[in-house]
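Observations on chain architecture
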Amino acid sequence: MTSLAFLIQEQLKPFVRRIDAEAYYAEEFLKSIGKAGFLNSNTGVDFSTEVRVVEEVSKVCMTTGFNLWCHLAALTYIRNSENRYLKDEILPQLENGLLLGGTGLSNPMKYYAGLETLHLKAKKTNEGYSVNGQLPSVSNLGKGHWFGIIAEVSPEQRMMAVVPCNAEGLTLKAKLEYLGVNGSATYSCAFDDVTIPEEWIVSHDVDTFIEKIRPAFVLYQIPLGLGVTEASIASIRQVCNKQGGCNDYLSVQPDDLERELELIRMETFKLADGEGLLQQWKELLQLRLRTAYLTSKAAHGSMLHQGGAGYLKYSAPSRRLRESYFLVNLTPTVKHLEKMLHQMQ
């Protein structure tokens, strides 16, 4: 992780204020992760390393950690596809930092949990498919970027593809009105008869394929919260002697947060290092939910411990507080997770 620490110090830390305050998109840093070899899957996917990279980035800036998660989600779709063009031509460029990817599966993941209908419709054509509809928010997009979509072909069939941002008939509109995480290169995506050729198709049978990709989809989100939680704990410890030690009387204390953090981290890496990630769906959902609640608790606790210093508009504690609110609303959201886990009982 020495080279990663150097990249974060040189190419991310100097831009965190701009990312938070000016919606700056850390594109070159994200590409540097791939160029440094952290995402290479030639000898198999190294989930443990990729999870660790997301956590280290999120300690400094969860917006950029979230962008990295989007990219890893796109990698997951292609890594599990049988499409040779995508695996031989596009995947290597996504892994080595030449291209970046987005996910586009917020609405489909809600669809498969019974929360929404699919926003995109696909019609079979001689070239492949023609897609229409709109996705309200897709992140980590830009020139030369690709992102995943799922569209309904018929009541019995749904297809999945990855689409380049310059596809004809695709219109992107920047979204910058969020409470935080505005430097995530998020756009609404309108599809007007966008042609999807066969070489972009990830799967013609998504109802089965979704079970292959959703464990990694969720796994890569957990270190977003781990990173923010660890940074929040460090922020609390910085002011432990402030104002005569009165922070000792607050209900949220760093030792308690750290114990829970280490438990979740240990369980996360156990899953990441194991052979049966696909079989650990319920455990992943539970870890993701615990992480969201712990991150919120830690970020809120940091604000209490920091007092007035944390209340400054662009302070690190207030940024992490806003990041924590984003995490609880990132698909699968907390209420989405609670519903799925309840149905598994």
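Residues numbered from 1 in each chain as written. Predicted model: local features only at pLDDT ≥ 70, side-chain atom pairs only at ≥ 80, totals over all residues. Heavy atoms only, no water.

1. Some details on the overall build of the chain
Scanning the chain for helices and strands turns up 13 helices and eight strands. Relative to the globule expectation of 20 Å for 345 residues, the C-alpha radius of gyration of the chain, 20 Å, shows essentially globular dimensions. Projected onto its principal axes, the C-alpha coordinates of the chain cover approximately 75 × 45 × 40 Å. A buried classification covers 56% of the 345 residues belonging to the chain. Within the chain, contacts between residues separated by at least 24 positions form 73% of all contacts whose residues are at least 6 apart in sequence. Put simply, the chain shows about 15,200 Å² of open surface, and 51% of that area lies on carbon and sulfur atoms. Across the chain, 35 positive and 39 negative side-chain charges occur, with their mean positions spaced 5 Å apart. (Helix = DSSP H or I, 4+ residues; strand = E, 2+ residues; numbered from the N terminus. Rg over C-alpha atoms; globule rule 2.2 N^0.38 Å. Buried < 20%, exposed > 50% of the residue type's maximum accessible area, 1.4 Å probe, protein only. Contact = heavy atoms within 4.5 Å. Areas by Shrake-Rupley, 256 points an atom, 1.4 Å probe, with all protein chains shown as cover. Lys, Arg positive; Asp, Glu negative; His and termini not counted. Charge placed at Lys NZ, Arg CZ, Asp CG, Glu CD.)

2. Digging into the nonpolar core
L12, L105, F147, I149, M160, F191 and I196 are the most contacted members of the largest nonpolar core, which has 106 residues in total. In this view, L105 contacts Y77, G148, I149, I150, M160, I210, I213 and F217; residues no more than four positions away in its chain are not counted. (Core = buried A, V, L, I, M, F, W, Y, C linked by side-chain atoms within 4.5 Å.)

3. Some points on the side chain of T268
Secondary-structure assignment places T268 in helix 10 (residues 254-273). Looking at T268, its side chain comes within polar contact range of the main-chain oxygen of I264, at 2.7 Å. Ignoring any residue separated from it by four or fewer positions in sequence, one finds T268 in contact with V51, L219, I222 and L287. (Polar contact = N/O pair within 3.5 Å; in protein donor to acceptor, adjacent residues only side chain to side chain.)

4. Looking at the state of the cysteines
Applying the stated criterion across every chain yields a total of zero disulfides. The structure places no disulfide on C165, whose sulfur is separated from the nearest cysteine sulfur, that of C189, by 6.8 Å. Here C246 is not disulfide-linked; the sulfur of C240 is the nearest cysteine sulfur, at 11 Å. (Disulfide = S-S within 2.5 Å.)

5. Quick notes on helix 1 (residues 2-12)
Regarding helix 1, the residues found buried are L4, L7, I8 and L12. The arc that holds the buried residues of helix 1, viewed along the axis, is 100 degrees, so those residues lie on one side. Exposed residues on helix 1 whose side chains face more than 90 degrees from its buried face are T2 and F6. Tucked into the core, helix 1 has its buried residues touching helix 2 (16-22), helix 3 (27-35), helix 4 (47-60) and helix 5 (62-79). (Arc of directions from axis to C-beta.)

6. Structural notes on the pattern of salt bridges
According to the stated counting rule, one finds 21 salt bridges in the structure shown. A salt bridge links E230 to R265, with the shortest nitrogen-to-oxygen separation between them at 2.4 Å. Pair noted here: E230 is in helix 9 (residues 222-238) and R265 is in helix 10, with a separation of 35 residues, a long-range link. According to the relative accessible area criterion, R265 is buried, its value standing at 13%. The closest approach of N and O atoms between E260 and R290, which form a salt bridge, is 3.2 Å. In this pair, E260 is assigned in helix 10 and R290 in helix 11 (residues 281-306), connecting sequence segments 30 residues apart. Its relative accessible area of 28% is what places R290 among the partly exposed residues. Several salt bridges converge on common partners, so that one network encompasses R52, E55, E56, K59, E230, E262 and R265. (Salt bridge = Lys/Arg side-chain N within 4 Å of Asp/Glu carboxyl O.)

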